[in-house]
Amino acid sequence: MALIKFMSKSNTLYFGDIIMIKKLCMLPLILLPSMPLIAAELTVDISGIKSNQKGELMIQLFKTEKNWMNEDKVLVTEKISVTARKQSITFSDLEDGKDYALSVIHDKNKNGKMDMSWFPFPSPDEGVGLSNNKFSMGQPDFEDAQFSVEGDTTISLKLKYY
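Just so it is clear, the model here is predicted, and its values are computed rather than measured.

Remarks on the nonpolar core
Now for step 1: Among the nonpolar cores identified, the biggest contains 22 residues, and Leu42, Val44, Ile46, Leu57, Ile59, Phe91 and Leu102 are the most heavily contacted of them.
Now for step 2: When residues in this core are grouped by element, the largest group, four residues, is from strand β3 (residues 39-47).
Now for step 3: Among all residues touching isoleucine 46, those that are not within four sequence positions of it are Leu57, Ile59, Arg85, Lys86, Gln87, Val104, Leu157 and Leu159.
Now for step 4: With seven residues, the next largest nonpolar core counts Phe62, Trp68, Ala101 and Phe142 among its residues.

Right, dumping it as structure tokens:
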């Protein structure tokens, strides 16, 4: 390996060291596209909670339509104990300027799923909520619950009990 002298007689770098330094300098440029440039926060204000039923709120945040309502593809799941008729939760380090959708279940028995009542017609047996508060028969569409996170964002949703 060729010896190259820099700065003074006491500081010497080998050619291989220079190549390693160049590679290390390129590392941030390689990693930068995969990192969000600005982290944003999302605060979710949840109202209409039947606090006398206790249990916990299971809040699920989804990022894409193909992952919507897929338990294995949830971006973030948070659970908080039911303590009042109105509660809030904050999600941190989200990508600014991106679209998300949110679902909430008042999991009364803490079994980690939405229980159903089958008579006289199929309906949730626990409180449910969606971002944008749009409800319909059957599974809701991602577009109906979709919202954008622009900087620090606050959304409100109201639980619905059938």
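Details of the sheet that holds strand β12 (residues 153-158)
Now for step 1: Read from one edge of the open sheet, three strands run β6-β3-β12, paired in mixed fashion. Pairing within the sheet leaves two strands with one partner each, and these edge strands are β6 (87-95) and β12. Taken pair by pair, the neighbouring strands of this sheet meet at an average axis angle of 20 degrees, ignoring direction.
Now for step 2: Pairing geometry for β3 and β6, over seven bridges, is antiparallel. The partner of alanine 39 across the bridge, within β6, is glutamate 95.

Digging into unusual backbone geometry
Now for step 1: A cis geometry characterises the amide bond from phenylalanine 119 onward to proline 120, with omega recorded as 5 degrees.
Now for step 2: Relative to the helices and strands, proline 120 is located in the loop between β8 (116-117) and β9 (123-124).
Now for step 3: If you check the backbone angles, lysine 54 has positive phi at about 50 degrees while not being a glycine.
Now for step 4: If you trace the backbone, lysine 54 turns up in the loop between β3 and β4 (56-62).
Now for step 5: Residue class for lysine 54 comes out partly exposed when judged on its relative accessible area of 49%.
Now for step 6: For lysine 110, which is not a glycine, the phi torsion comes out positive at approximately 55 degrees.
Now for step 7: The topology assignment puts lysine 110 in the loop between β7 (98-107) and β8.

Digging into the packing of aromatic side chains
Now for step 1: Per the counting criterion, the structure on display carries two aromatic pairs.
Now for step 2: Seen in terms of ring centroids, phenylalanine 62 and tryptophan 68 are 5.1 Å apart; in terms of plane orientation they differ by 75 degrees. Their pairing is edge-to-face. Pair check on accessibility: phenylalanine 62 and tryptophan 68 agree, each one buried.
Now for step 3: Its relative accessible area of 8% is what places tryptophan 68 among the buried residues.

Some thoughts on the pattern of salt bridges
Now for step 1: Evaluated as defined, the whole model comprises one salt bridge.
Now for step 2: Among the salt bridges present, the one from lysine 63 reaches glutamate 95, with a minimum N-O distance of 2.4 Å. One end of the pair, lysine 63, is in the loop between β4 and β5 (76-81); the other, glutamate 95, is in strand β6, with 32 residues separating them in the sequence.
Now for step 3: Its relative accessible area of 30% is what places lysine 63 among the partly exposed residues.

The rules behind these values
- Residues numbered from 1 in each chain as written.
- Predicted model: local features only at pLDDT ≥ 70, side-chain atom pairs only at ≥ 80, totals over all residues.
- Heavy atoms only, no water.
- Core = buried A, V, L, I, M, F, W, Y, C linked by side-chain atoms within 4.5 Å.
- Buried < 20%, exposed > 50% of the residue type's maximum accessible area, 1.4 Å probe, protein only.
- Helix = DSSP H or I, 4+ residues; strand = E, 2+ residues; numbered from the N terminus.
- Contact = heavy atoms within 4.5 Å.
- Pairing = 2+ DSSP bridges.
- Axes fitted to C-alpha atoms, helices over the stretch in contact; angles between N-to-C directions.
- Phe/Tyr/Trp six-rings, centres within 6.5 Å; stacked < 30°, edge-to-face > 60°.
- Salt bridge = Lys/Arg side-chain N within 4 Å of Asp/Glu carboxyl O.

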